[in-house]
Amino acid sequence: MIDKAKRFANKNAVCRYIINVFFILYGCLFSLLCFCMRIFPIQNNKILCCSVKGKRYGDNPMYLSDELLRRKEDYEIVWLLQKNVEVSLPDGVRRVNYALLPLAYELATAKVWIDSNMKQYGVLKRKGQLYMQTWHGSYGLKKIGRDLEGKASFSYIDKTSMKYNARIIDVFLSNSRQTTEIYRRAFWYRGTVLEYGSPRNDLLFGETESCRRQVQKHFGIQGKKIALYAPTFRHHLHVDMLNLDYERMRKALGKRFGGEWVILCRLHPNNIVDAERFMRYDGQTINATYYNVMQELLAAADVLFTDYSSCMFDFVTKGKVCFLYVADIACYKEDRDNYFELEELPFPSAVNNEQMEEAILRFDETKYRKELEKLFEKVGLCESGCACKQTVDYIEQWIKNGNSGRQLSVWNPSGCRQSGREV
């Protein structure tokens, strides 16, 4: 509903004012509902997960819930999902409709909240509950939160929601020193940050061939190399600038890297409604927007095309090849702005199809890998493939010890290297 409101509010100042007033009133109503739900006790074994406001079963919360299931403890794992989300959940996970009444009840009675987006403005967190914010980005390119103040893309709704959440979040997950600095500044956050890495990226450290076969089988592209095109959304929510010439890029990839290529196109969740009308798909260019788990696509892909999405930083964690197609870079910088200049990044970039084709054909792998290492050092990357284990260890100790104010050491049952820290 918030996304629809933002689309409407973009039209003019009067619309924005009306929507902002409605947003505050709706938040007050939700607070009242949450307060009424306090007649029900907190269930000490209930862990509530959500991603993209219930639009997807995925991202960091999914990998953490998988790790909780693997431990075979007596947890009640609940996932908030919108009615239209079609997904098969594993045994041990209970699905709940992302709607006002069930949302308020589950939030009021869960011991732990795990989310990759900000919670609904007005939500009330009770004493003895843990709110873990995993966020859905990385040490991203595009600016977020407070760093967007003064930009049209940073709305009153965004600012109010972020500042409200910052007061009730207990712990933030981070995958680098730079990410930690951004979260503290951009989200007005002063609490604990766990620099354990991103749970979703643990997949990239393991054996990815089975994941690749799964994706190939799903789309019927066995034996072909995969290029993933995954652009981010725009403030105006249009897609007309995403005009990559797929056939041309497929041929260039074949010349430079060999093999037969297909392109999987996955739009941002904010553009899900545009996935069907975005372009004409065929056997070589395939709509992957509705494939549920983004990280599986990243693990399966040989090459990534994106623009300003933080998925670029996830994808290159293990040295894969990424290209940036930024046809609207001037407008985007004006609307949103970036944390890096494109020239600072290892990824070849282009503003038109001619430049993109040339960047592929002239790709220098040796130079690329050297620049990747410099980037990892600059941001203080702390991905180790152990983020799920370390984070669930933290959750379990928190449940066991309660919010006693004591420092919680992280026990490492798997013996994997402890690269993270609590700050």
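Values in this document were obtained by computation on a predicted structure and should not be read as measured data.

Novice: What exactly am I supposed to notice about a nonpolar patch on the surface here?
Specialist: A contiguous nonpolar patch, built from Val14, Tyr17, Ile18, Val21 and Leu25 and spanning about 530 Å² of accessible area, is present on the exposed surface. With respect to the helices, strands and loops of the structure, Val14 is situated in helix H2 (residues 13-36).

Novice: Looking at this model, I keep getting lost on the environment of Tyr75. Mind explaining?
Specialist: Here Tyr75 lies in the loop between helix H3 (59-70) and strand E2 (76-81). Here Tyr75 falls in the buried class, since its relative accessible area comes to 18%. In sequence terms Tyr75 and Ile47 are 28 residues apart; their C-alpha atoms lie 7.0 Å from each other. Apart from the residues lying within four places of it in its own chain, the contact partners of Tyr75 are Asn45, Ile47, Leu68, Glu396 and Ile399. Side-chain polar atoms of Tyr75 contact the side chain of Glu396, separated by 2.9 Å.

Novice: When you look at a positive patch on the surface in this model, what are you seeing that I'm missing?
Specialist: Side chains of Arg146, Lys163, Arg167 and Arg190 sit close together on the surface and give a patch of like positive charge. Secondary-structure assignment places Arg190 in the loop between helix H6 (177-186) and strand E7 (192-194). Under the relative-accessibility criterion, Arg190 is labelled exposed at 62%.

Novice: Whenever I open this one, the sheet that holds E7 confuses me. Can you help?
Specialist: Across a sheet, strands are paired by hydrogen bonds formed along the backbone, either parallel or antiparallel in direction. An order of E3-E2-E1-E4-E5-E6-E7 is seen for the 7 strands of this open sheet, with the pairing classed as parallel. Each edge of the open sheet carries a strand with a single partner, namely strand E3 (93-97) and E7. Adjacent strand axes in the sheet meet at a mean angle of 25 degrees, parallel and antiparallel pairs treated alike. Sheet analysis places strand E6 (residues 171-173) next to E7, joined by 3 bridges and oriented parallel.

Novice: Got a minute to help me understand the pairing of strand E8 (residues 225-229) in this structure?
Specialist: Two faces make up the sheet, and in a regular strand the side chains alternate between them. Burial within E8 is extensive, with 4 of its 5 residues counted as buried. Relative to strand E9 (residues 261-265), E8 runs parallel, the two being bridged by 5 bridges. Considered in E9, the bridge of Ile226 is made with Val262. Across 3 bridges, E8 lies against strand E11 (residues 303-306) in parallel orientation. Note that in E11 the partner of Leu228 across the bridge is Leu304.

Conventions we followed
- Residues numbered from 1 in each chain as written.
- Predicted model: local features only at pLDDT ≥ 70, side-chain atom pairs only at ≥ 80, totals over all residues.
- Heavy atoms only, no water.
- Patch = residues over 30% accessible without salt bridge, like charges linked within 9 Å, V, L, I, M, F, W, Y side chains within 5 Å.
- Areas by Shrake-Rupley, 256 points an atom, 1.4 Å probe, with all protein chains shown as cover.
- Salt bridge = Lys/Arg side-chain N within 4 Å of Asp/Glu carboxyl O.
- Helix = DSSP H or I, 4+ residues; strand = E, 2+ residues; numbered from the N terminus.
- Buried < 20%, exposed > 50% of the residue type's maximum accessible area, 1.4 Å probe, protein only.
- Contact = heavy atoms within 4.5 Å.
- Polar contact = N/O pair within 3.5 Å; in protein donor to acceptor, adjacent residues only side chain to side chain.
- Lys, Arg positive; Asp, Glu negative; His and termini not counted.
- Charge placed at Lys NZ, Arg CZ, Asp CG, Glu CD.
- Pairing = 2+ DSSP bridges.
- Axes fitted to C-alpha atoms, helices over the stretch in contact; angles between N-to-C directions.

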